[in-house]
Amino acid sequence: MVISVDSGSQERLLRALAEQIKLPLIQIARQAELSQLTCSDKALKSIEYTADMAIRLIDSYLLSIHLQTQASLELEPVSVGAILQDTAHRLDRLAKEYNCTLEVHLTGRYEPVMANRQSLEAAYTMLGYAFIESAPPVALKHQVILGAHRSQKGVVAGIFGTQPGLSADAFRRGKAIFGSSRQGLPAVSSASGAGIFLAESLLKSMETPLRQSRHRKCGGLAATLLTSKQLQLI
Amino acid sequence: MKRVLLIEPDKPLSDIYRSVLVSDGYTVDACAHAQDAVHAADDNRPDIVVLELQLAAHNGIEFIYEFKSYTEWQDIPIVVHSIIPPAAFGMNPRMQRLCGIKHYLYKPATSLKRLRRIILETDLAALGTT
């Protein structure tokens, strides 16, 4: 079976990633310079964490390419709550760097959903990264929520924040221009938005599209994950 | 004490630039958004503006147009310190002069040492004109 890879979309994703990766590299260079000036070890911790996030960005891109070449993706029952808690733990240090309040909000308990664990983890980490680094105007508190709620079709799980301007229309426009423009979501973020479009690509490979959504009065991006029918019967 | 208005959308980078400028004796007002920067300038008139052009919501050029539209701020020097290379932005000396940009620094290639030197030079040049 021949698998077709949308090379145009991959090229745009690669360009967005290349723009995005400049940011952690500049941070590392300047943190290293600052640590020489101040003879402080504090910057070294930041360098370590910033480099880790840059590697995650690249790994997520490679995973998205790999998934696009797969005839079928292995799905397994996954706990949404556990995935969001793990993601929050992974992003905790980054949130501190950006002076951002990170919160996990789950309304009740959910049945396991059918997903590819690795892709889902990578997708929410990338989304979280994109939301944390996009600070809202000073009048608004910088808060990011990893949230889930039930819907008729399944469990809606996503990342939500206090950044204004993230409408369904802005997201649609972003999908059309990312990679060809330096800023995928200029209304929301100064960066390329690679994290968001990587998450979209990873979720699309599980046939769970990313959509604009709301949770606890915050706008964000979420995917509707289908619950495991088999486990429901048990 | 001289006041720098630093418009940098990335918090960790903003913290680094602020810390070196403070150690050089400047008072720094750091903002991530163009509109917040206009409010900050309104509260405390800056002596130098250090500006990233790639911002959320309003870009840096929009900020420059608004900033320079106020007569009391027209003589404040602007140092662009951006992730956008000058060539990609189509920036040439004439356009730079028209926008009131004293220096255009490409952020990935600008060390802290160079940034500090350019700000000091801009500061001294401004002293010479007043």
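Details of the structure are given in the entry above.
Summary of the structure given here.

Each value, and the rule that gives it
- Residues numbered from 1 in each chain as written.
- Chains lettered and ligands numbered in written order.
- Predicted model: local features only at pLDDT ≥ 70, side-chain atom pairs only at ≥ 80, totals over all residues.
- Heavy atoms only, no water.
- 1 Å grid on protein atoms, 1.4 Å probe; cavity = no way out; pocket = protein on both sides within 12 Å on 5 of 7 lines; lining within 4 Å.
- Points joined across faces, edges and corners; volume = space filled by probe spheres on them.
- Helix = DSSP H or I, 4+ residues; strand = E, 2+ residues; numbered from the N terminus.
- Contact = heavy atoms within 4.5 Å.
- Buried area = accessible area lost by both parts, 1.4 Å probe.
- Salt bridge = Lys/Arg side-chain N within 4 Å of Asp/Glu carboxyl O.
- Polar contact = N/O pair within 3.5 Å; in protein donor to acceptor, adjacent residues only side chain to side chain.
- Buried < 20%, exposed > 50% of the residue type's maximum accessible area, 1.4 Å probe, protein only.
- Arc of directions from axis to C-beta.
- Axes fitted to C-alpha atoms, helices over the stretch in contact; angles between N-to-C directions.
- Parallel < 35°, antiparallel > 145°, perpendicular 65-115°, else oblique.
- Left-handed = near helix turned anticlockwise from the far one by under 90°.
- Core = buried A, V, L, I, M, F, W, Y, C linked by side-chain atoms within 4.5 Å.

### Remarks on empty space enclosed by the protein
For step 1, the next point in the chain: Summed over the entire model, instances satisfying the criterion amount to four cavities of 30 Å³ or more.
For step 2, the next point in the chain: If you add up the space inside the largest cavity, you get close to 160 Å³.
For step 3, the next point in the chain: In terms of lining, the largest cavity is formed by 14 residues, of which the most central are Leu 23, Ser 190 and Ala 191 of chain A together with Gln 54 and Ile 83 of chain B.
For step 4, the next point in the chain: Of all the elements, helix α1 (residues 7–38) of chain A adds the most residues to the lining of the largest cavity, at three residues.

### Let's talk about the layout of surface pockets
For step 1, the next point in the chain: Taken as a whole, the largest pocket encloses approximately 420 Å³ of empty space.
For step 2, the next point in the chain: Along the wall of the largest pocket there are 20 residues; nearest its centre are Ala 135, Pro 136 and Val 138 of chain A together with Lys 11 and Ala 32 of chain B.
For step 3, the next point in the chain: Breaking the lining of the largest pocket down by element, the ones donating at least two residues are α1 (11–23) and β2 (27–31) of chain B.
For step 4, the next point in the chain: At four residues, α1 of chain B tops the list of elements feeding residues into the lining of the largest pocket.
For step 5, the next point in the chain: Computed from the structure, the second largest pocket encloses a volume of approximately 350 Å³.
For step 6, the next point in the chain: Lining the second largest pocket are 14 residues; nearest its centre among them are Leu 34, Lys 42 and Ser 46 of chain A together with Asp 15 and Ile 16 of chain B.
For step 7, the next point in the chain: When contributions to the lining of the second largest pocket are tallied by element, the ones reaching two or more residues are α1, α2 (42–68) and α3 (80–97) of chain A together with α1 of chain B.
For step 8, the next point in the chain: Per element, the largest residue contribution to the lining of the second largest pocket is four residues, and it comes from α1 of chain B.

### Thoughts on the interface of chain A and chain B
For step 1, the next point in the chain: Residue-level contacts link 24 residues of chain A with 28 residues of chain B.
For step 2, the next point in the chain: Summed over both sides, the interface between chain A and chain B buries roughly 2100 Å², with carbon and sulfur atoms accounting for 60% of that surface.
For step 3, the next point in the chain: Across the chain A-chain B interface, the total number found is zero salt bridges.
For step 4, the next point in the chain: Counting the contacts that link chain A with chain B gives 13 residue pairs in polar contact (both at pLDDT 80 or more).
For step 5, the next point in the chain: For the side of chain A that touches chain B, the element with the highest residue contribution is α1 of chain A, accounting for nine residues.

### Quick look at helix α5 (residues 168–177) of chain A
Residue and element names in this part refer to chain A.
For step 1, the next point in the chain: Of the positions making up α5, those classed as buried are Ala 170, Phe 171 and Gly 174. Looking straight down α5, one finds its buried side chains confined to an arc of 100 degrees; they lie on one side. Exposed residues on α5 whose side chains face more than 90 degrees from its buried face are Arg 172 and Ala 176.
For step 2, the next point in the chain: The inward-facing, buried residues of α5 contact α6 (194–204), β6 (210–215) and β7 (218–225).
For step 3, the next point in the chain: Just past α5, the residue Gly 179 takes up positive phi, approximately 90 degrees.

### Remarks on the packing of α1 of chain A against α1 of chain B
For step 1, the next point in the chain: At a closest axis distance of 10 Å, the pairing of α1 of chain A and α1 of chain B adopts a crossing angle of 30 degrees. One finds that α1 of chain A runs roughly parallel with respect to α1 of chain B. Crossing hand, α1 of chain A versus α1 of chain B: left-handed. Residues Leu 23, Ile 26, Gln 27, Arg 30, Gln 31, Leu 34 and Leu 37 of chain A of α1 of chain A pack against Pro 12, Leu 13, Ile 16, Tyr 17, Ser 19 and Val 20 of chain B of α1 of chain B.

### Describing the nonpolar core
For step 1, the next point in the chain: By size, the foremost hydrophobic cluster in this structure holds 103 residues, and its most contacted members are Tyr 124 and Ile 196 of chain A together with Phe 63 of chain B.
For step 2, the next point in the chain: Among the elements that take part in this core, helix α4 (residues 117–133) of chain A stands out by supplying 10 residues, more than any other.
For step 3, the next point in the chain: Not counting residues up to four positions away in its chain, the partners in contact with Ile 196 of chain A are Leu 127, Ala 130, Phe 131, Phe 171, Leu 185, Leu 210 and Leu 221 of chain A.
For step 4, the next point in the chain: In terms of nonpolar packing, the next biggest core, distinct from the first, is built from five residues, Val 156, Phe 160, Cys 218 and Ala 222 of chain A among them.

Everything listed is a geometric property; what it means functionally is a separate question.
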